[in-house]
Amino acid sequence: SERNPGQPEYMQAVTEVIESLWPFITNNPRYAEHGLLDRIVEPERVVIFRVAWVDDSGEVRVNRGYRIQHNSAIGPYKGGLRFHPSVNLSILKFLAFEQTFKNALTTLPMGGGKGGADFDPKGRSPGEIMRFCQAFACELFRHVGSDTDVPAGDIGVGGREVGYMSGMVKKLTNRSDCVFTGKGISFGGSLVRPEATGYGTVYFVDEMLKHVGQSLEGLRVAVSGSGNVAQYAIEKAMAFGAKVVTISDSSGTVVDEDGFTPEKLAILAEIKNVLYGRVGEYAERVGARFLSGERPWHVPVDVALPCATQNEITEDDASILIKNGVICVAEGANMPCAAGAVERFEHAKVLFAPGKASNAGGVATSGLEMSQQAMRLFWTHEEVDARLQEIMRAIHQACLRYGEKEDGRVNYVDGANIAGFVKVADAMLAQGVI
Ligand code: NDP
């Protein structure tokens, strides 16, 4: 920790992964040789840069931009950009570190990276958003490229922002290769990319439940968040016959005992994606209960899908979920469950999927977007969705391979960590000390 002062999220992520890997490494000591562990926790490169732009009132604003190029052992750096006031070096390093193992799990050749800025898009006009994205891309472009580093969206960066940034990068480089994923369909995007993380999370839950002879049909589901991941998790959970009873955002939680319907989801999408509104407005529109400032975890459910942000399920929240009989928790967001919460779930024998397994569908489909653009081909919705399902099944299999315990239960945290680690570590060992 003295090498990474003031980086609690990064220390948390590294500690969790190394602790879960430790028994495996003890049994396979070649993974402790050649400084492998010291190298794997040190990002290959960190870029921090000034983003200066002019707001609508003519005032100059200065934000801090980042790109963490964590590991390129198995392919170009790949990972999203986050625009949120909470963005800092610690959070982006934790995300880039996790991304490395997640990307390895997808079966596709992608290294790990992450980036973003401490810019708050909330309340900014469309013109300000475009100028900020262009200013950000003016520096970012010199560090990225289709065979170097391929960013994508994350919190606060959706299709609109990716469009502006990839447009600026294309203008500066005079090249149209795949430098961003999550692009619009007309300029190199892939069908199913917007849906992929939410869909993939639910496909993964389906695999976990099937493995213990159960299904989502008729189960009560709590979703947190109301952004990209949450919306498509809700859609797919409904398609599997589940009843989704909560959503949230940073202003509070909506509880709807009648459950979501496709009509209600369309209203949520309009409020969140078109009007950039709050979930309180949604509650008013559909006549549901709005609990200001609260998170969803006290609502009794069978399945919890945290799809908002890191550390949103505390140890106490986990205890409440367990007391209320939760059987499965799958992370749609990155590290939404605090370490203590994960321990509680494991202790209570709740099926628990870490984000690097359950939310890997998004980056996997980004990998498919890269493939399509490189081949100059365009796959149908069915084709991409089938590949996504296949990848989620493969990730589940990898978790079984490395996470199945003697009593037949599966520790998905260990399974995902070891499977991802082995692929990256083998590639690093084969390429020598660099
Ligand atoms: P969006 O920006 O679309 O949505 C984020 C949602 O989380 C919003 O409802 C937002 O509410 C809420 N939220 C953000 N910060 C906080 C906070 N501090 N407290 C409470 N609520 C908060 O992002 P995505 O849906 O794309 O991403 C959600 C999570 O999933 C992130 O952890 C991301 O890293 C992860 N992820 C996303 C992937 C993707 O493909 N999109 C892929 C893999 C992981 P509000 O509007 O009030 O801010």
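In this text the structure is predicted, and so the values were computed from the model without any measurement.

Participant: Residues and numbers for the overall build of the protein chain, please.
Facilitator: Secondary structure assignment for the protein chain yields 15 helices and 12 strands. The globule rule puts the C-alpha radius of gyration for 434 residues at 22 Å, and the 21 Å found for the protein chain is close to it. Along the first, second and third principal axes, the C-alpha set of the protein chain runs to 60 × 55 × 45 Å. Put simply, the protein chain has 434 residues, and 51% of those count as buried. Summarising the internal contacts of the protein chain: among those between residues at least 6 apart in sequence, 74% fall at separations of at least 24.

Participant: Quick one: what's the story with helix H8 (residues 262-274), residue by residue and with numbers?
Facilitator: The α-helix winds at 3.6 residues per turn, so residues separated by three or four positions along the chain end up facing the same way. Taking 1.5 Å per residue, 13 residues should reach 18 Å; H8 reaches 17 Å between its end C-alpha atoms and fits that length. The set of residues buried in H8 consists of Lys-264, Leu-268 and Lys-272. One side of H8 holds all its buried residues, which, seen down the axis, span an arc of 60°. Projecting away from the buried face of H8 at angles above 90 degrees are the exposed residues Pro-262, Glu-263, Ala-266 and Val-274. Buried residues in H8 make contact with helix H7 (228-239), strand S7 (243-249) and helix H9 (279-286).

Participant: Could you give an account of the pairing of strand S10 (residues 303-306), with specific residues and numbers?
Facilitator: Of the two faces of S10, both are covered, the one formed by Val-303 and Leu-305 as well as the one formed by Ala-304 and Pro-306. Examined bridge by bridge, strand S6 (residues 220-224) and S10 share 4 bridges and lie parallel to one another. Within the sheet, the bridge partner assigned to Ala-222 lies in S10 and is Ala-304. For S10 and strand S11 (residues 328-330), the ladder comprises 2 bridges, and the chain directions are parallel. Looking at S11, one finds that Val-303 is bridged to Cys-328. In terms of handedness, the path from S10 via helix H10 (residues 315-323) over to S11 forms a crossover that is right-handed.

Participant: Kindly report on the sheet that holds strand S3 (residues 77-83), identifying the contributing residues and their values.
Facilitator: Strand order across the open sheet formed by 5 strands is S1-S2-S4-S3-S5, with mixed pairing between neighbours. A single partner strand is all that each edge strand has here, and the edge strands are strand S1 (45-54) and strand S5 (149-152). Neighbour-to-neighbour, the strand axes of this sheet turn through a mean angle of 20°, independent of strand direction. Where S3 and strand S4 (residues 112-117) come together, 3 bridges link them in parallel fashion. Within the sheet, the bridge partner assigned to Leu-81 lies in S4 and is Gly-115. Running at roughly 140° to S1, helix H4 (residues 126-140) makes contact with S1, strand S2 (60-71) and S4 of the sheet.

Participant: Describe the pairing of S5, listing the residues and the values that go with them.
Facilitator: Across the two faces of S5 the burial is the same, with Asp-149 and Pro-151 and Val-150 and Ala-152 all buried. The sheet contact formed by S3 and S5 spans 4 bridges and is parallel. Paired with Tyr-77 across the strands is Asp-149, a residue of S5.

Participant: Explain the site of the ligand residue by residue, including any values.
Facilitator: Taken together, 22 residues lie around the ligand, and Gly-227, Asp-249, Ser-250, Ala-333 and Gly-362 are the ones closest in. Residues that form the shell around the ligand fall into these classes: 6 nonpolar, 14 polar and 2 charged.

Participant: Please set out the UniProt feature "binding site: NAD(+)" (unreviewed entry) in the protein chain residue by residue, giving values where relevant.
Facilitator: Those residues carrying the UniProt feature "binding site: NAD(+)" (unreviewed entry) are Thr-197 and Asn-228 in this numbering. A maximum C-alpha distance of 8.2 Å among these annotated residues, which run over 32 residues, shows that they cluster at one spot. For Thr-197, the location among the structural elements is in helix H6 (residues 193-211). Those residues within four positions of Thr-197 in sequence are excluded, and the remaining contacts are Asn-228, Val-229, Tyr-232, Gly-332, Asn-359, Gly-361 and Gly-362. Among the structural elements, Asn-228 can be located in helix H7. By C-beta crowding, Asn-228 is classed as buried, having 25 other C-beta atoms within 10 Å. The contacts of Asn-228, once residues within four sequence positions are left out, are Gly-158, Pro-194 and Thr-197.

Participant: Which residues make up the packing of H6 against helix H14 (residues 381-403), and what values do they have?
Facilitator: In contact at an axis separation of 9 Å, H6 and H14 are set at 50° when each is read in the N-to-C sense. Compared by their axis directions, H6 and H14 come out oblique. You can see that H6 and H14 cross each other, and the crossing is right-handed. Between H6 and H14, the contacting residues are Ala-196, Tyr-199, Gly-200, Tyr-203, Phe-204 and Glu-207 on the first element and Leu-388, Gln-389, Met-392, Arg-393, Ile-395 and His-396 on the second. Its residues assigned to classes, the contact of H6 with H14 comprises 7 nonpolar, 3 polar and 2 charged.

Participant: Break down the sheet that holds S6 for me, citing the residues and quoting the values.
Facilitator: The 7 strands are arranged S9-S8-S7-S6-S10-S11-S12 in an open sheet whose pairing can be described as mixed. Two strands in the sheet have a free side with no partner beyond their single neighbour: strand S9 (289-292) and strand S12 (351-353). Averaged over all pairs of adjacent strands, the angle between their axes in this sheet comes to 15°, without regard to strand direction.

Participant: Give me the lowdown on the packing of H14 against helix H15 (residues 412-430), citing residues and values where you can.
Facilitator: It is the contact of H14 with H15, at a shortest axis distance of 7 Å, that shows an interaxial angle of 100°. One element, H14, and the other, H15, form an angle in the roughly perpendicular class. Two secondary-structure elements touch here, H14 through Ala-398, Cys-399, Leu-400, Arg-401, Tyr-402 and Gly-403 and H15 through Tyr-412, Asp-414, Gly-415, Ala-416, Ile-418 and Ala-419. Here the residues of the contact of H14 with H15 are counted per class, giving 8 nonpolar, 2 polar and 2 charged.

The rules behind these values
- Here the residue numbers are simple positions, counted from 1 along each chain's written sequence.
- Under the rules for a predicted model, residues below a pLDDT of 70 receive no local features and side-chain atom pairs below 80 are neither given nor counted, while totals for whole chains, interfaces and linings still include all residues.
- Helix and strand assignments come from DSSP, with helices taken as H or I runs of at least 4 residues and strands as E runs of at least 2, each series counted from the N terminus.
- For the radius of gyration, the atoms used are the C-alpha atoms, and the globule rule reads 2.2 Å times the number of residues raised to 0.38.
- The burial label depends on the number of other C-beta atoms within 10 Å of a residue's C-beta. Counts of 20 or more mean buried, 12 or fewer mean exposed, and intermediate counts mean partly exposed, with C-beta atoms placed from the backbone.
- Here, residue contact means that the backbone-derived C-beta atoms of the two residues sit within 7 Å.
- For a helix, the expected span equals 1.5 Å multiplied by the number of residues minus one.
- The arc in question is formed by the directions pointing from the helix axis toward the C-beta atoms.
- When DSSP finds two or more bridges between two strands, those strands count as paired.
- A crossover gets the label right-handed when its path from the first strand over the helix to the second runs clockwise, viewed with the strands pointing away from the viewer.
- Only the contacting stretch of a helix is used when fitting its axis, a line to C-alpha atoms as for every element, and angles between N-to-C directions run 0 to 180 degrees.
- Near residues are defined by distance alone, with the backbone-placed C-beta atom required to lie within 6 Å of the molecule or strand.
- Throughout this entry, Asp, Glu, Lys and Arg are counted as charged residues, while Ala, Val, Leu, Ile, Met, Phe, Trp, Tyr, Cys and Pro are counted as nonpolar. The remaining residues, Gly among them, count as polar.
- UniProt positions are given in the numbering used here, feature names are shortened, and annotations may be inferred rather than shown by experiment.
- Orientation labels follow simple angle bins: below 35 degrees gives roughly parallel, above 145 gives roughly antiparallel, 65 to 115 gives roughly perpendicular, and whatever is left gives oblique.
- Handedness of each helix crossing follows the sense of rotation of the near helix against the far helix: counterclockwise by less than a right angle gives left-handed, clockwise gives right-handed.

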